[in-house]
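Spelled out from the first residue to the last, the chains are:
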Amino acid sequence: MQTFKGQYENEEVLLVFRRHLIAMRKGFYFFFVPFVLGAVPVLIWPDNLNNLWFPVIGALLGATGFFYHWMSWYFSVFIITNQRLRQVSQKGLFSRSIIDLGLNKIQNITVDVPGFNAAVLGFGTIVVQTYVGDLVLDRVEHPEKIYESLLDIVKTYAQGNVNTINETITQEDIIET
């Protein structure tokens, strides 16, 4: 049984998912650009062994930038329980925002796979509409599967059949490893 900080006493986690790895693309750039720039002196002056420090230093600087973006990706998570939808967004090392939305507040859910790259790489945007505004879950992995599961959860919750939802939706159905 999964738990999280701030979980209510009779609350059960039904689904946990996060953004697609494409959300970390800046982290990959931060890793590769310093490494490639550090490799340029080695390519220009291959006889000078002191130039080998440049790609090593570039890789270390790049790994630091990558770690910063990885932290933001890894600790940003979407949690669906039998009572609410929780979005935890990590920004850097110390900044975190949490949005809770009761399942009974959800009016409509839409999914958008914006273009060729999103379709090929398997990410998209889910918009959860409420009376007071929209909650946008962007760059979500397997958006159609998450969308269908979220619809089933909201439908089941609205009918009051919270106990039967665990039999219909499992996390293995959503996230393929």
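Rules of the game
- Residues numbered from 1 in each chain as written.
- Predicted model: local features only at pLDDT ≥ 70, side-chain atom pairs only at ≥ 80, totals over all residues.
- Heavy atoms only, no water.
- Helix = DSSP H or I, 4+ residues; strand = E, 2+ residues; numbered from the N terminus.
- Buried < 20%, exposed > 50% of the residue type's maximum accessible area, 1.4 Å probe, protein only.
- Areas by Shrake-Rupley, 256 points an atom, 1.4 Å probe, with all protein chains shown as cover.
- Polar contact = N/O pair within 3.5 Å; in protein donor to acceptor, adjacent residues only side chain to side chain.
- Contact = heavy atoms within 4.5 Å.
- Pairing = 2+ DSSP bridges.
- Axes fitted to C-alpha atoms, helices over the stretch in contact; angles between N-to-C directions.
- pLDDT = per-residue confidence, 0-100.
- Salt bridge = Lys/Arg side-chain N within 4 Å of Asp/Glu carboxyl O.
- Phe/Tyr/Trp six-rings, centres within 6.5 Å; stacked < 30°, edge-to-face > 60°.
- Lys NZ or Arg CZ within 6 Å of the ring centre and 35° of its normal.

### A short note on the overall build of the protein
(1) Moving on: If you tally the helices and strands in the protein, you get six helices and seven strands.
(2) Moving on: Helices (α) and strands (β) of the protein occur, in sequence order from the N terminus, as β-α-α-β-β-β-β-α-β-β-α-α-α.
(3) Moving on: Considering the protein as a whole, with its 177 residues, one finds that 36% of them fall into the buried category.
(4) Moving on: Just so you have it, the protein exposes about 11,100 Å², and 60% of that area is on carbon and sulfur atoms.

### Structural notes on the side chain of His20
(1) Moving on: By secondary structure assignment, the location of His20 is in the loop between β1 (13–17) and α1 (25–44).
(2) Moving on: Classification of His20 as buried rests on a relative accessible area of 12%.
(3) Moving on: Of note is the side chain of His20, whose polar atom sits 2.9 Å from the backbone nitrogen of Ile22.
(4) Moving on: Sequence-distant contacts of His20, that is, excluding residues within four places in its chain, are made with Trp73, Leu121, Gly122, Phe123, Arg139, Val140 and Glu141.

### A closer look at the sheet that holds strand β6 (residues 123–130)
Two strands in a sheet stick together by hydrogen bonds in their backbones, pointing the same way (parallel) or opposite ways (antiparallel).
(1) Moving on: The three strands are arranged β5-β6-β7 in an open sheet whose pairing can be described as antiparallel. Unpaired on one side and paired on the other, β5 (106–112) and β7 (134–141) mark the two borders of the sheet. Averaged over neighbouring strand pairs, the angle between their axes works out to 20 degrees when direction is ignored.
(2) Moving on: Taken together, the six bridges between β6 and β7 define a ladder with antiparallel strand orientation. Note on β7: the bridge partner recorded for Gly124 is Val140.

### Regarding the environment of Val42
(1) Moving on: Here Val42 lies in helix α1.
(2) Moving on: Look at Val42 and you get partly exposed, because its relative accessible area is 21%.
(3) Moving on: Taking the C-alpha atoms as reference points, Val42 and Phe54, 12 residues apart in sequence, are found 7.8 Å from one another.
(4) Moving on: Not counting chain neighbours up to four residues away, the residues in contact with Val42 comprise Asn51, Leu52 and Pro55.

### Some words on the confidence of the model for the protein
(1) Moving on: The pLDDT averaged across the protein works out to 85; a share of 88% of its residues lies at or above 70.
(2) Moving on: The low-confidence segment residues 161–168, where pLDDT is below 50, has 12 contacts with residues more than four positions distant or belonging to other chains.

### What to know about the pattern of salt bridges
(1) Moving on: What the rule picks out here adds up to five salt bridges.
(2) Moving on: Asp100 is the salt-bridge partner of Arg86, the closest N and O atoms lying 2.8 Å from each other. Of this pair, Arg86 sits in strand β3 (residues 84–91) while Asp100 sits in strand β4 (residues 95–102), and the two are 14 residues apart along the sequence.
(3) Moving on: Overall, the relative accessible area of 10% leaves Arg86 in the buried class.
(4) Moving on: Taking relative accessible area as the criterion, Asp100 reaches 36% and is therefore assigned partly exposed.
(5) Moving on: Taking the shortest distance from any N to any O, the salt bridge between Asp138 and Arg139 comes out at 3.5 Å.

### What to know about the sheet that holds β3
(1) Moving on: The four strands are arranged β1-β2-β3-β4 in an open sheet whose pairing can be described as antiparallel. Each edge of the open sheet carries a strand with a single partner, namely β1 and β4. Averaged over all pairs of adjacent strands, the angle between strand axes in this sheet comes to 15 degrees, irrespective of strand direction.
(2) Moving on: Alignment of strand β2 (residues 77–81) against β3, held across four bridges, turns out to be antiparallel. Each residue of the ladder has a partner; that of Ile80, found in β3, is Leu85.

### Side note on the packing of aromatic side chains
(1) Moving on: Taken as a whole and assessed by the stated rule, the structure comprises seven aromatic pairs.
(2) Moving on: Feature note: the residues Phe67, Trp70, Trp73, Tyr74 and Phe75 constitute an aromatic cluster, connected by ring pairs.
(3) Moving on: Looking at Arg18, its charged tip hangs above the ring of Tyr74, at a distance of 4.8 Å from the centre.
(4) Moving on: Sitting over the ring of Tyr8, Arg84 keeps its end group 4.0 Å from the ring centre.

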